Amino acid sequence: MIANNFMEKENVIEYFEKIASSRTKWKRRNKYYYNYLEGFLKFLTPEDKKVLRVQVGDNSFWKKEKNTPDSTYDYVIATDVLGYVNDIEGFMREASRLVKLDGRIVITQYNALWEPILRLASKLGLRMPSIEQNWLSMADLRNFAYIAGLEVVKSGSKMIMPKYVPLLSAFLNKIISNIFPFSRLGIFHYIVVRKSNTISLTEKPSISIVVPARNEAGTIEKIVKELPELGLFTEIIFIEGNSTDNTFAEIVRVAEKYKGKKKIKYAKQGGKGKGDAVRLGFNMAEGDILTIYDADMTVPPFEMERFYRAIVENKADFINGSRLVYPLEKYSMRVLNFFGNKFFSFAFSSILGQSLKDTLCGTKVIWKKDYEDIKRNRAFFGDFDPFGDFDLLFGAAKLNLKIID
């Protein structure tokens, strides 16, 4: 098993057997740290996944089955283990063998910057006594993952105050620790990785393109004519949202005109907001891939082929459109919207541990199976987003989906 095969067995096993009886006491004395760590790992791991937890300090760590079948787990979580591993690349490769094709490996490890502080804490009796271990930087973790054929989904450092001080600890760990440069100073690194280039498709996946439309009668037929045919089939789903013009009548007319030539569905929105329209459209969708396409056609229809190709080729699990690379057309985004978007992008990138440039772009692409997971986990954040952008981004990040612009 991955623990036994890559350890310096004699001294490490002897050490952990020696401290086994007192480990509970040390965890109790530092319960704020351990509770924070467990809460963070719980956030990273969806409830309905099959998980193998590998951690030091308990007897079960040394007694795992050696012949675990390939692709058994959705998640492998290694907590503070790599400090005692003598073949980190081998450990990661074995973990990769154990997870499914779309599985994730979550690793937490002490930040090398904290080495002198933690050594001193052990000598002063504030922390469990420790033996010599590996001290790894974030660059080390990323490098070993790359060598082992793994791709980083998200990463970061957490917790700059490991002891509990009323109000101060929460302020530092929940807010300040997410702001550069303090975001580099956490007591532990975390890294979430997935297998690289693992998608094997026997046929091109189908796609459902959801078009929320309010007062956009003039673009409906143009959208149907210009959106490319992709995959096994391309389904266009119009969701009309309480328009004051003839948008719905135009949708009905166009759907009838192209009946038999195009796969078109439509519905009237019962609730309010783009987010509600998107959820209705996604629930109606039959495609393997789900896409949002804004009815104002800000994104040229032919670009949808690029989004489709990116997700089918496994460049990411969630494709987020960006309007902030090439020059914008005059008046296409107001100044306040531009700077607001920049703020949200910076904030979300810091919080989610993945880089995002344009959080408010309407075009987003996700596998239907992953969206179903977002639906099941939506209660974690609540129904807070009338636009739908943040709901999907938070949900995708919660599931450790690889997000790219």
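One numbering rule holds for all chains: residues counted from 1, following each sequence as written. Per-residue local features of the predicted model are confined to residues with pLDDT of at least 70, and side-chain atom pairs are confined, for both listing and counting, to 80 or more; whole-chain, interface and lining totals are unaffected and use all residues. As a convention, hydrogens and water are excluded, and side-chain values are obtained from all of the structure's heavy atoms.

**Some points on helix H6 (residues 138-147)**
- Within H6 the residues assigned to the buried category are Met 138, Leu 141 and Ala 145. Down the axis of H6, the buried side of the element spans an arc of 65°, and every buried residue falls inside it. Exposed residues pointing more than 90 degrees away from the buried face of H6 are listed as Ala 139 and Tyr 146.
- Any two residues whose heavy atoms approach within 4.5 Å at even a single point are treated as in contact. Labels follow the DSSP assignment, with helices taken as runs of H or I lasting at least four residues and strands as runs of E lasting at least two, numbered in each case from the N terminus. Elements in contact with the buried residues of H6: helix H4 (88-98), strand E4 (150-158) and strand E5 (188-195).
- Gly 149 sits one or two positions beyond H6 and adopts a positive phi of about 80°. Here the term buried applies to any residue with accessible area under 20% of the maximum for its type, exposed to any over 50%, and partly exposed to those in between, with areas from a 1.4 Å probe on protein chains only. An arc is given here, and it is the one of the directions from the helix axis to the C-beta atoms.

**Here's the deal with the pairing of E5**
- Counting buried residues along E5, 8 of its 8 residues qualify, which places the element largely inside the surrounding structure.
- DSSP bridges decide pairing: two strands pair if at least two such bridges lie between them. As paired elements, strand E3 (residues 99-110) and E5 share 6 bridges and run antiparallel to each other. Each residue of the ladder has a partner; that of Thr 108, found in E5, is Tyr 190.
- When E4 meets E5, the two strands line up antiparallel, connected through 8 bridges.

**Points about the environment of Glu 132**
- Locating Glu 132 in the fold gives a position in the loop between helix H5 (115-123) and H6.
- Here the alpha-carbon distance between Glu 132 and Tyr 84, two residues 48 residues apart in the chain, equals 8.3 Å.

**Side note on the packing of aromatic side chains**
- Geometry of aromatic contacts follows a simple scheme: Phe, Tyr and Trp rings, the Trp one being its six-membered ring, pair when their centres are within 6.5 Å, and the pair is stacked under 30 degrees between planes, edge-to-face over 60, tilted otherwise. If you walk through the whole model with that rule in mind, you get 10 aromatic pairs.
- An angle of 25° between the planes, with centres 6.4 Å apart, marks the rings of Tyr 33 and Tyr 110 as stacked. With Tyr 33 in helix H3 (residues 31-44) and Tyr 110 in strand E3, this pair connects stretches of sequence that are 77 residues apart. Across the pair, exposure class does not vary: Tyr 33 and Tyr 110 are buried alike.

**A short note on unusual backbone geometry**
- Of note, the bond from Phe 180 into Pro 181 is cis; its omega dihedral lies within 30 degrees of zero at 5°.
- With respect to the element layout, Pro 181 can be found in the loop between helix H7 (168-174) and E5.
- Positive phi outside glycine occurs at Asn 215, with the angle close to 55°.
- Within the element layout of this structure, Asn 215 appears in the loop between strand E6 (207-213) and helix H8 (220-226).
- Asn 215 sits in the partly exposed class, given a relative accessible area of 29%.

**Some words on the side chain of His 189**
- Looking at the element boundaries, His 189 is found in strand E5.
- In protein, a polar contact means a hydrogen-donor-capable atom and an acceptor-capable atom, both N or O and within 3.5 Å, with residues adjacent in sequence counting only if both atoms are side-chain atoms; elsewhere, any N or O pair within 3.5 Å suffices. Here the side chain of His 189 touches Met 138 through a polar contact of 3.5 Å, landing on its backbone nitrogen.
- Within the structure, His 189 has its side chain in polar contact with the side chain of Ser 157 (distance 2.7 Å).
- Beyond its immediate stretch of four places on either side in the chain, His 189 contacts Ile 107, Thr 108, Gln 109, Tyr 110, Asn 111, Ala 112, Leu 136, Ser 137, Met 138, Leu 141, Gly 156 and Ser 157.

**A closer look at the environment of Val 99**
- Examined against the element boundaries, Val 99 turns out to sit in strand E3.
- Accessibility expressed as a relative area gives 2% for Val 99, which makes it buried.
- For Val 99 and Pro 69, which are 30 residues apart along the polypeptide, the C-alpha to C-alpha distance reads 9.6 Å.
- Excluding residues that lie within four positions of it along the chain, Val 99 makes contacts with Ser 71, Tyr 73, Asp 74, Tyr 75, Val 76, Arg 104, Ile 105 and Lys 195.

**A word on H5**
- Leu 118, Ala 121 and Ser 122 are the residues of H5 that are buried. All buried residues of H5 lie within an arc of 100° about the axis, which places them on one face of the element. Across from the buried face of H5, at angles greater than 90 degrees, the exposed residues are Pro 116 and Lys 123.
- Each element contacted by the buried residues of H5 is listed here: E3.
- Just past H5, the residue Gly 125 takes up positive phi, approximately 80°.

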